[in-house]
Amino acid sequence: MPLKLVRKIPAYNLMMLAAIPTFYMILRATLIPMVWPEKAPADCVNGPFDGCGFIFDEAHYIPAVRKMLMGEAVNLEHPPLSKWVIMLGVSMFGDNPWGWRVPMVLFSALTIFTVGLLAKRLGGDKYVLPAQLLLFTDVTFFNLGGVGILDPPALFFMTLSAYLYVSGRKALAGVAAGLSMLAKSSGILVIPTLLALEALHEYGKARDLDRAVDAVRRSVRVFAILPLLVFFAGIAVWDSQTKAFPTPLHHLDFMLSYHTKLSYNEPWKVELPLSWIIPPISRMPSPYFVSTVTPPGYHPVAFWGVSSPLWWSVWLMVPIAYQLIKTSRIHNPCPEAVALGWFGVSFGAFAFLAYLFKRWTYSFYFLQISPILAATIPYVLDRHLPKTAYKLFLAFQILWFIMFFPSKPDWLIHLLGSLGLGEVPWI
Amino acid sequence: MRNWMTAVAITISMIGLSVLLHSPFTNPSLYTDILGFFWNDFASRDRIPYLQLDETGSHFEYPFVSGLLSILAWKTGGDLAGFYAVYSGMVVASALAMVYAMMRLHGNNGFWMYLVSPSLVVYGVYGYDVFLAALTALAVLFFTRERYSLSAILLALAFHTKLLSILFLPYALLRLDGRQRLKYLAVFGSVAGAPIIAMPEAFRAVVEAQTVWSLENAWYVHVFPDAASPVGPNTAPGLSTAILFGLIGMSMLYLHVLRKALSPAQFMLLATASYLMFTPRYSPQTSIFLLPFLPASGVLMLGFPLWELSNATIILTWFTTSEPFKPWSVPQTMTLVRFIALSTIFVQSMHAAGLLKKPSSAIPYLPRIVSVLRRLRV
């Protein structure tokens, strides 16, 4: 049977799938110049970075990209793909926020597009729009989706990997997993996740753990070895340019050593995993870039990192999916199994590292789960709860998004104030 | 009965010799961890493991059952001689329990020959490995007798002796169905979880001590020479890759043997061998853990003696060189020999378990490769 790299999508469906990503692209692009540097790029290669117009971790990666463009071997603790993407953006649009952020906006729009494909494949056309809207309105995804950091390309390849997996193109899913690792190290979690999904589906068919283990055994080549080969190939290319390490293994060693040293001593300072999936009552949202006008003390531009109803929905999804897999035989792909497996492995891995090994974690790590949740939650809620539940859920998510929209017009600020939300410190 | 008596006689002789060789009152005596880690660092300074730290501010690095047994021997024995006598008695009792489990697991077919083991002599009264082997072998025995709750309790106790017994848990869950599986998990979880909940920091320190370490007698120190380090965590270049290499190798082999078609003893033999072949930290005394399951592979003419002798040689030559951790030092050469011997044991055990497929042609996979090439040409 010939290998199908591309499957045709009818024109109508393509328009339906592309509408929300296009809207995202336009809206997010309009916010790009809102945070603009006051200093020249040459003054923002080494710190301090005040006035450089960086949002969040751009302060790490944009100077690194600048040094890489000058031929220096820097930021070697993180894989190169996302930085290459930023370099491409800089060479196309110049060394300014357009150059850093436009490629990221494009990747995030592609992620939303792929979430649509995933929702369509798992549940049908009905769930494409709600799934894409859920991801679009995920506050942290929206804000970081247009920032020059490692995450947008990594998230795209992760989501692509999930889509290719559920559509039966396993080798390509493995390649996409490798590319996500090459964009950001945490992409490595896609490997156990894909293996877990394979095991979960096999288990769900016949309630036989032995068959599930056998499925994992058979899948190791495509879901573990292939991604690692892709990753090593990319690292080898980078090393051949920089000459920083004699072999990719040496480079890997450097990366692993770096990532194992990031441990904390004071847990209250850390955004630990449990705080990601409960509303922001235990800790304040993270200010990625916030400008404040005093008086009256509001924020005309505020990029917050905050959980959203989509993240909290795991409290509903987990028992529903568990019950379904436990009591009935499931087909492949099963949306509940995909949601449970993806969340279980990714969140479990972060929880394991954070609580047992005391490794620093950040709430935006949940973005690794958001696209898959967005693609599956409408179907899961619609199937297992009253018909209006997922629509109400979507409405709540959109309202939450509006509250945290990075640039609020005066009327919205007044409206929120009149609703009694004016005293909420992050409005 | 005759086999049982033979086995008991051999075990008592082996452990008895170990007691003499490690005794602090013999001159010269062989090094033993229980005097190094427990007596010198804690008991002799009147410090209680888990509740107090040692002189250097470190936790006791073994899990709770190991600590508890040591404290029991200390409090019962009083002084060093008493402690050593009580502890040695415990080791003998555990070794006999292990022999009982072996006999019941493998029948009377010459299982005792695996007790003629240099490791039992050189590492018998050394650490907590005999306790671990006995508890795990009993857990496996009761599992085969379908006394699952008892098996889960023993496995949890073994887990708190040295974490290694956890290797059996996935297999047990694989073999059981529905409520039995949940019950096994619940019993294991409660017994293993209770002390962790009571003393989470102490347990975390144990896990850290057992996992944050450099390459210790792993054969691939010859592949990653920079990762060699005498003691303690190090930041040598190559260490992380070396550990990753070990973890991947170990996981792949473990995954390959995790099948419910195997008998519990066969599985433990293969799973433990997988672990020992690739663990970054193969302390030679850990070999004792494999002994109760070795008879499941049939007769190991070449592999067993070679594995045992190379394993014993590691400690016997350790103090003869200033850098025993360096590649091609005598101890590290022995780790390579030990790996080769263990590999032959593994392959033979795979064969005995029916996991080695016969290649369909002289060169395996050749027909498949030809077929793929033909399709590509078309």
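Residues numbered from 1 in each chain as written. Chains lettered and ligands numbered in written order. Predicted model: local features only at pLDDT ≥ 70, side-chain atom pairs only at ≥ 80, totals over all residues.

Section: the overall build of chain A
For step 1, the next point in the chain: For chain A, the count of helices and strands is 18 helices and two strands.
For step 2, the next point in the chain: Taken against the 2.2 N^0.38 rule, which gives 22 Å for 427 residues, the C-alpha radius of gyration of chain A at 21 Å falls within 12% of a compact globule.
For step 3, the next point in the chain: Projected onto its principal axes, the C-alpha coordinates of chain A cover approximately 60 × 60 × 50 Å.
For step 4, the next point in the chain: Counting all 427 residues of chain A, 48% fall into the buried class. (Helix = DSSP H or I, 4+ residues; strand = E, 2+ residues; numbered from the N terminus. Rg over C-alpha atoms; globule rule 2.2 N^0.38 Å. Buried ≥ 20, exposed ≤ 12 C-beta atoms within 10 Å, placed from the backbone.)

Some thoughts on the overall build of chain B
For step 1, the next point in the chain: For chain B, the count of helices and strands is 15 helices and zero strands.
For step 2, the next point in the chain: For chain B, whose C-alpha radius of gyration is 21 Å, the value lies close to the compact-globule estimate of 21 Å for 378 residues.
For step 3, the next point in the chain: Seen through its C-alpha atoms, chain B measures out along the principal axes to roughly 80 × 50 × 45 Å.
For step 4, the next point in the chain: By the burial criterion, 45% of the 378 residues in chain B qualify as buried.
For step 5, the next point in the chain: A separation threshold of at least 6 residues defines the contact pool for chain B, and within that pool the share at least 24 residues apart is 70%. (Contact = placed C-beta atoms within 7 Å.)

Description of the packing of helix H8 (residues 168–175) of chain B against helix H9 (residues 178–198) of chain B
Residue and element names in this part refer to chain B.
For step 1, the next point in the chain: Contact geometry of H8 with H9 gives a least axis separation of 8 Å together with a crossing angle of 155°. The pairing of H8 with H9 is recorded here as roughly antiparallel in orientation. By crossing handedness, the relation of H8 to H9 is classed as right-handed. Taking contact as the criterion, the partners of Leu-169, Ala-172 and Leu-173 in H8 are, on H9, Arg-181, Tyr-184, Leu-185 and Phe-188.
For step 2, the next point in the chain: Considering only residue class, the contact of H8 with H9 consists of six nonpolar, no polar and one charged. (Axes fitted to C-alpha atoms, helices over the stretch in contact; angles between N-to-C directions. Parallel < 35°, antiparallel > 145°, perpendicular 65-115°, else oblique. Left-handed = near helix turned anticlockwise from the far one by under 90°. Nonpolar A, V, L, I, M, F, W, Y, C, P; charged D, E, K, R; others polar.)

Some details on the environment of B:Ala218
Residue and element names in this part refer to chain B.
For step 1, the next point in the chain: Within the secondary structure, Ala-218 is located in the loop between helix H10 (200–211) and helix H11 (239–257).
For step 2, the next point in the chain: Of the residues examined, Ala-218 has 26 C-beta atoms within 10 Å and is grouped as buried.
For step 3, the next point in the chain: For Ala-218 and Ile-243, which are 25 residues apart along the polypeptide, the C-alpha to C-alpha distance reads 9.8 Å.
For step 4, the next point in the chain: Discounting residues that sit within four places of it in the chain, Ala-218 has contacts with Gly-246, Thr-279, Pro-280, Arg-281, Tyr-282 and Thr-335.

Description of the confidence of the model for chain B
For step 1, the next point in the chain: Averaged over all residues, the pLDDT of chain B is 88; the fraction at 70 or higher stands at 92%.
For step 2, the next point in the chain: The ipTM value of the predicted complex is 0.75, and its pTM value is 0.84. (pLDDT = per-residue confidence, 0-100.)

Topic: the interface of chain A and chain B
For step 1, the next point in the chain: Taken together, the 13 residues of chain A in the interface contact 14 residues of chain B.
For step 2, the next point in the chain: Looking at the side of chain A that touches chain B, the elements that each hand over two or more residues are helix H10 (209–242) and helix H11 (248–260) of chain A.
For step 3, the next point in the chain: Looking at which element gives the most residues to the side of chain A that touches chain B, the answer is H11(A), with seven residues.
For step 4, the next point in the chain: Grouping the amino acids of the side of chain A that touches chain B by side-chain chemistry returns seven nonpolar, three polar and three charged.

Focus: unusual backbone geometry
For step 1, the next point in the chain: A cis amide bond, omega 0°, links A:Asn332 with the succeeding residue A:Pro333.
For step 2, the next point in the chain: Topologically, A:Pro333 is positioned in the loop between helix H14 (314–327) and helix H15 (335–356).
For step 3, the next point in the chain: Each neighbour pair has its own omega, and for B:Asn27 with B:Pro28 the value is -5°, a cis peptide bond.
For step 4, the next point in the chain: Following the sequence through the fold, B:Pro28 ends up in the loop between helix H1 (2–22) and helix H2 (33–40).
For step 5, the next point in the chain: Its identity as a non-glycine residue notwithstanding, A:Phe56 has a phi of 55°, on the positive side.
For step 6, the next point in the chain: The backbone phi angle of A:Asn75 is positive, close to 55°, even though this residue is not glycine.
For step 7, the next point in the chain: Tracing the sequence through the fold places A:Asn75 in the loop between helix H2 (58–69) and helix H3 (81–93).
For step 8, the next point in the chain: On the neighbour-count criterion, A:Asn75 (17 C-beta atoms within 10 Å) is partly exposed.

Let's talk about the packing of helix H6 (residues 129–144) of chain B against helix H12 (residues 264–278) of chain B
Residue and element names in this part refer to chain B.
For step 1, the next point in the chain: Packing of H6 against H12 leaves a shortest axis separation of 9 Å and a crossing angle of 145°. Across the interface between the two elements, Val-140, Phe-143 and Thr-144 from H6 touch Pro-264, Ala-265 and Met-268 from H12.
For step 2, the next point in the chain: Of the residues belonging to the contact of H6 with H12, the class tally is five nonpolar, one polar and no charged.

Quick look at the nonpolar core
For step 1, the next point in the chain: Within the largest apolar cluster, 245 residues are counted, with the highest numbers of intra-cluster contacts made by A:Ala339, B:Ala134, B:Ala137 and B:Ala139.
For step 2, the next point in the chain: Broken down by element, the residue count for this core peaks at 14 residues, all from helix H4 (residues 97–122) of chain A.
For step 3, the next point in the chain: If near-sequence neighbours (up to four positions away) are discounted, B:Ala134 is found in contact with B:Ser94, B:Ala95, B:Ala97, B:Met98 and B:Ala101. (Core = buried A, V, L, I, M, F, W, Y, C linked by C-beta atoms within 7 Å.)

Here's the deal with H9(B)
All names here are of chain B.
For step 1, the next point in the chain: In this model H9 runs 30 Å from its N-terminal to its C-terminal C-alpha over 21 residues, within 8% of the 30 Å that 1.5 Å per residue would give.
For step 2, the next point in the chain: The largest bend in H9 is about 30°, located at Ala-192, with the proline Pro-195 one to four residues further on.
For step 3, the next point in the chain: Taken together, the buried positions of H9 are Tyr-184, Phe-188 and Ala-192. (Expected span 1.5 Å × (residues − 1). Bend = angle between axes of the 7 residues up to and from the residue.)

Quick look at the environment of A:Ala196
For step 1, the next point in the chain: Note that A:Ala196 resides in helix H9 (residues 190–206).
For step 2, the next point in the chain: Aside from chain neighbours lying at most four places away, what touches A:Ala196 is A:Gly341, A:Gly344 and A:Val345.

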